[in-house]
Every structure is written in structure tokens, then in C-alpha cells.
Amino acid sequence: QVQLVESGGGLVQAGGSLRLSCAASGGTFSRYAMGWFRQAPGKEREFVAAIDGIGRNTYYADSVKGRFTISRDNAKNTVYLQMNSLKPEDTAVYYCAADTLFRWNQRDYDYWGQGTQVTVSS
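The present account deals with the structure reproduced in this document. Keep in mind that this is a model prediction, so the values were computed, not measured.

1. A short note on the side chain of Arg38
Part 1: Note on placement: Arg38 falls in strand S4 (residues 33-39).
Part 2: Owing to a relative accessible area of 6%, Arg38 belongs among the buried residues under this scheme.
Part 3: A polar side-chain atom of Arg38 sits 2.9 Å from a polar atom in the side chain of Asp90.
Part 4: Within the structure, Arg38 has its side chain in polar contact with the side chain of Tyr94 (distance 2.9 Å).
Part 5: With sequence-adjacent residues up to four places away left out, Arg38 is seen in contact with Glu44, Arg45, Glu46, Val48, Ser63, Val64, Phe68, Glu89, Asp90, Ala92, Val93 and Tyr94.

Have a look at this one:
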């Protein structure tokens, strides 16, 4: 059983940056691909970014490509989401999730964190 805890959310002005962290425990971290997802008010949860178990491959939603960067530190059992050039439409609860395979369909992810709120003001 893998436990995930997100942190780093907050309020930021448009154009600003935030870095989200997701600390994992209870499993062999490098065996899991990790993903970030988000859910805005009144909308369905959507994929943001994913990274494979060793950090070699990444994949991004078109809406964040070039602005967000996913990375991981397996020695610290942590995955990060660096978010730059933030826009009001990035406002959402951000979730990290773990999967045994490198993919980006949220239905495939086995373990989820509780989420962290990101609010971007205009």
C-alpha cells in the first residue's frame, strides 16, 4: 500500500510560479510511475503530467506543456511539479497518483493523495 501526501499549493498571481511536492511511503518508490492530475471547480479531474519510475520519460497535457515540469527524486521518495507562467485557468486541486505502468489515464492509477489547492489570481 502506497501513501501519498501532496504539499506546496497556495495562492499566486498570474505569471507566477509554484512547486508542488508529493511524498510517498509504503512501497518501493522507483517501481511506480507517478502522475499529477487536477480538478477545477465544476469540472472533471484531468491529467497534467506523468513520469516513469526512473525519471527517464515524461508526458504532459497540451495545456501545460512548456510551462510545467515533472521530476522525481527516488532517494527522497518524492515527485515534484514545477509550475511556471501560471494562469487563472490553472486554478484547481492538484493530486498526485502512483501507477505500476507509465501511462496517463487516471482510471489506471492505483494510489492517490488527498490533493493540494492551487489558486491563481488574475
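So much for the structure itself; the text now carries on.
2. Here we look at unusual backbone geometry
Part 1: Unusually for a residue other than glycine, Asn77 sits at a positive phi of about 55 degrees.
Part 2: Within the secondary structure, Asn77 sits in the loop between strand S7 (68-73) and strand S8 (78-83).
Part 3: One non-glycine residue, Ser85, lies in the positive phi region at around 50 degrees.
Part 4: Of note, Ser85 is situated in the loop between S8 and strand S9 (92-99).

3. Brief notes about the state of the cysteines
Part 1: The final tally for this structure, using the stated rule, is 1 disulfide.
Part 2: Note on cysteine connectivity: Cys22 is disulfide-linked to Cys96, with sulfurs 1.9 Å apart. On the S-S bond that ties Cys22 to Cys96, the torsion sits near 50 degrees, and the link is right-handed. A residue pair is termed long-range when its members are at least 10 positions apart, and Cys22 in strand S3 (residues 18-25) and Cys96 in strand S9 qualify at 74 residues. Taken individually, Cys22 and Cys96 each receive the classification buried, so the pair is uniform in this respect.

Criteria and thresholds
Residues numbered from 1 in each chain as written. Predicted model: local features only at pLDDT ≥ 70, side-chain atom pairs only at ≥ 80, totals over all residues. Heavy atoms only, no water. Helix = DSSP H or I, 4+ residues; strand = E, 2+ residues; numbered from the N terminus. Buried < 20%, exposed > 50% of the residue type's maximum accessible area, 1.4 Å probe, protein only. Polar contact = N/O pair within 3.5 Å; in protein donor to acceptor, adjacent residues only side chain to side chain. Contact = heavy atoms within 4.5 Å. Disulfide = S-S within 2.5 Å.

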